[in-house]
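Each chain, written out:
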Amino acid sequence: MRIERLSVLLALLALLSLAGALPAQPYQGPLFDAHLHYNVEAQQPHPLADVLGRMQRSGVRAIVANSRPNAGTLSLATALDATRAAGVHVVPFVRLYRDRADYGGWFADESIYQMVLDELARGTPAGPYRGLGEFHLYDSANADGPVAIKLMRLAEQRGLLVLAHVDEVAIGKLMAHAPKARLIWAHTGIGGAPIARVRELLQRYPGLLAELSYRPGLTEAGGHLSPAWQELLSQQPERFLIGSDTWINQRWQYYEGLMDEARLWLGDLPAPAARLIAWGNGARLFGLD
């Protein structure tokens, strides 16, 4: 009798799970943080041991590192023994900013272009730089700036990824300059491009991937995916990445919480889709196991 009751209970639980009546479990696998900064103002309050410990406790096994200035990225890339001990693979990007003054005019500043060339020639102890950015364009017209055009073409020629904080209009302009470039769209748009527009751009540009930190409308109350985003991420999981965007120190203070939030909504997806977004897409881009 007990065996029969157990069989009935298990069958009922299976039906409830298929029907979505049971709460989803957070994703438990490795994470690839595809949007991480280790800026100058973070380095004293959050030394390397602190930030690597936060990554390790969060199950983050690889990061795209970019920093203002690039010395922050180099400090992560130099600490090979520490990163290996933490189980964190550093993928270095060249950031275009020496200081905050560069945010507003890099797209027309030839000294930025030369700085990028110098950094690429130098490389890092963790290996060559693998991308450019994050950069910002607060006016999409500046995507047609002379240095923006040169850097997009440089990225295309050298097989570098581009991490861009731009709106959907600028995406079209940047990709027009370098149609075969691969571009990671930070936050999947400034302020939240409509999902229909996101779908359109992903279809139009095969080299476009979308990173999901700070994405408005991604989740609902309780931190679970909204139905519209659950549908899109389930349909095209190979096009999305997660990130922390530790652009201010407060983001470092709550790093573990940010990763827990990502694990919660990733759990709303089919397991293969969750693993692609959490880890597989970043690992494929940069040749990791």
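Read on for a plain summary of the structure. (Residues numbered from 1 in each chain as written. Predicted model: local features only at pLDDT ≥ 70, side-chain atom pairs only at ≥ 80, totals over all residues. Heavy atoms only, no water.)

**Re the packing of aromatic side chains**
Note the cut-off: In summary, the pairing rule links any two rings of Phe, Tyr or Trp, Trp by its six-membered ring, whose centres are within 6.5 Å, and it sorts them by plane angle into stacked for under 30 degrees, edge-to-face for over 60 and tilted for everything else. Starting at the N terminus, helices and strands are each numbered in turn, a helix being any DSSP run of H or I of at least four residues and a strand any DSSP run of E of at least two. Each residue is assigned to one of three classes by its accessible area relative to the maximum for its type, calculated with a 1.4 Å probe on protein chains only: buried under 20%, partly exposed between the two thresholds, exposed over 50%. A ring has a charge above it when a Lys NZ or an Arg CZ is no more than 6 Å from the ring centre and no more than 35 degrees off the ring normal.
Inspection of the entire model under this criterion finds nine aromatic pairs. Centroid distance Phe32 to Trp279: 5.9 Å. Interplanar angle 50°. Geometry classified as tilted. Separated by 247 residues along the polypeptide, Phe32 in strand E1 (residues 31-37) and Trp279 in helix H12 (residues 271-285) bring together distant segments of the chain. When its relative accessible area of 10% is taken as the criterion, Trp279 is described as buried. On the numbers, 6.0 Å between centres and 75° between planes, the contact of Trp106 with Phe107 is edge-to-face. Three or more aromatic residues joined by ring pairs make a cluster, and in this case those are Phe32, Phe93, Trp279 and Phe286. Note that Lys150 overlies the ring of Tyr113, its terminal NZ or CZ placed 4.2 Å from the centroid.

**Points about the pattern of salt bridges**
To keep it simple, the criterion reads: Any carboxyl oxygen of Asp or Glu within 4 Å of a side-chain nitrogen of Lys or Arg constitutes a salt bridge here.
Counting across every chain of the model gives 13 salt bridges. In this structure, the salt-bridge partner of Arg57 is Glu256, at a minimum N-O distance of 2.8 Å. Separated by 199 residues along the polypeptide, Arg57 in helix H2 (residues 48-58) and Glu256 in helix H11 (residues 255-266) bring together distant segments of the chain. Residues Arg95 and Glu134 are paired through a salt bridge, measuring 3.4 Å at the closest nitrogen-oxygen approach. Taken together, the residues Arg95 in the loop between strand E3 (89-94) and helix H5 (110-122) and Glu134 in strand E4 (residues 131-136) connect sequence positions 39 residues apart. Both residues of the pair, Arg95 and Glu134, count as buried.

**Structural notes on the sheet that holds strand E6 (residues 182-185)**
Spelled out, the test is: A pair of strands is treated as paired once DSSP finds two or more bridges between them.
Strand order in the open sheet formed by eight strands is E1-E2-E3-E4-E5-E6-E7-E8, with parallel pairing between adjacent strands. The two strands at the open ends of the sheet, each matched to only one other strand, are E1 and strand E8 (240-241). In this structure, E4 lies alongside strand E5 (residues 161-165), joined through five bridges in parallel fashion. By the bridge assignment, His136 is partnered in E5 with His165.

**Focus: the nonpolar core**
So the rule is basically this: Among buried residues, the Ala, Val, Leu, Ile, Met, Phe, Trp, Tyr and Cys ones that are joined through side-chain atoms within 4.5 Å form a nonpolar core. Contact criterion: two residues are considered in contact whenever any of their non-hydrogen atoms come within 4.5 Å of each other.
One finds Met55, Trp106, Phe135, Leu183, Leu233, Trp265 and Leu266 to be the most contacted residues of the largest nonpolar core, which totals 95 residues. At seven residues, the largest contribution of residues to this core is made by H12. Not counting the four nearest positions on each side in its chain, Leu183 is found in contact with Met152, Val162, Ala164, Ile171, Leu174, Met175, Gly207, Leu208 and Leu209.

**Some remarks on unusual backbone geometry**
The peptide bond linking Arg68 to Pro69 adopts the cis configuration, its omega dihedral lying at -10°. Of note, the bond from Gly133 into Glu134 is cis; its omega dihedral lies within 30 degrees of zero at 10°. Phi is positive for His187, which is not a glycine, with a value near 65°. For Asp245, which is not glycine, the phi dihedral falls at a positive 50°. Residue placement: Asp245 occurs in the loop between E8 and helix H10 (249-253). By relative accessible area, Asp245 is classed as buried at 5%.

**A few points about the environment of Gly243**
Mapped onto the secondary structure, Gly243 falls in the loop between E8 and H10. Ignoring anything within four residues of it in the chain, the contact list for Gly243 reads Asp33, Ala34, His35, Glu211, Ser213 and Met259.

**Structural notes on helix H7 (residues 168-177)**
Definition in use: Side-chain atoms alone can form a polar contact between residues adjacent in sequence; in general such a contact is a pair of N or O atoms within 3.5 Å, and within protein one must be able to donate a hydrogen while the other accepts it.
Regarding H7, the residues found buried are Ala170, Ile171, Gly172, Leu174, Met175 and His177. Considering only its buried residues, H7 is in contact with E4, helix H6 (146-158), E5, E6, helix H8 (195-204) and strand E7 (208-211). One side-chain oxygen at the N-terminal end of H7 lies 3.1 Å from the backbone nitrogen of Val169; it belongs to Asp167.

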